[in-house]
Amino acid sequence: MRMMLILFGASAFVYFVTGIKGRLTRRMRLYCAIGTFAAVYLVTMILVFFGGST
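Residues numbered from 1 in each chain as written. Predicted model: local features only at pLDDT ≥ 70, side-chain atom pairs only at ≥ 80, totals over all residues. Heavy atoms only, no water.

Draft legend 1. Examining the side chain of S11 more closely. For S11, the position within the fold is in helix 1 (residues 2-18). Judged by relative accessible area, S11 falls into the buried class, the value being 10%. (Helix = DSSP H or I, 4+ residues; strand = E, 2+ residues; numbered from the N terminus. Buried < 20%, exposed > 50% of the residue type's maximum accessible area, 1.4 Å probe, protein only.)

Draft legend 2. Focus on the environment of T36. Mapped onto the secondary structure, T36 falls in helix 2 (residues 26-50). With 26 residues separating them in the primary sequence, T36 and A10 have C-alpha atoms 7.0 Å apart. Beyond its immediate sequence surroundings of up to four residues, T36 is in contact with A10, S11 and V14. (Contact = heavy atoms within 4.5 Å.)

Draft legend 3. Quick look at the packing of aromatic side chains. Considering all chains together, one arrives at one aromatic pair under this definition. Judged by centre distance (5.6 Å) and plane angle (80 degrees), the ring pair of Y15 and F16 falls under edge-to-face. The lysine or arginine in question, R29, covers the ring of Y15, its NZ or CZ lying 4.0 Å from the ring centre. (Phe/Tyr/Trp six-rings, centres within 6.5 Å; stacked < 30°, edge-to-face > 60°. Lys NZ or Arg CZ within 6 Å of the ring centre and 35° of its normal.)

Shown next as structure tokens:
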């Protein structure tokens, strides 16, 4: 549940930050937010699987 909150928070942050200047359309902002969601998810999974404890 905490993981989903982090992913949602990052996506919402990117969505709102890209809308500040008003240059991007809603669809492009949504694509950026989905891309952020996927990137943060992939980085987290890579760290979990390859980060291994010693």
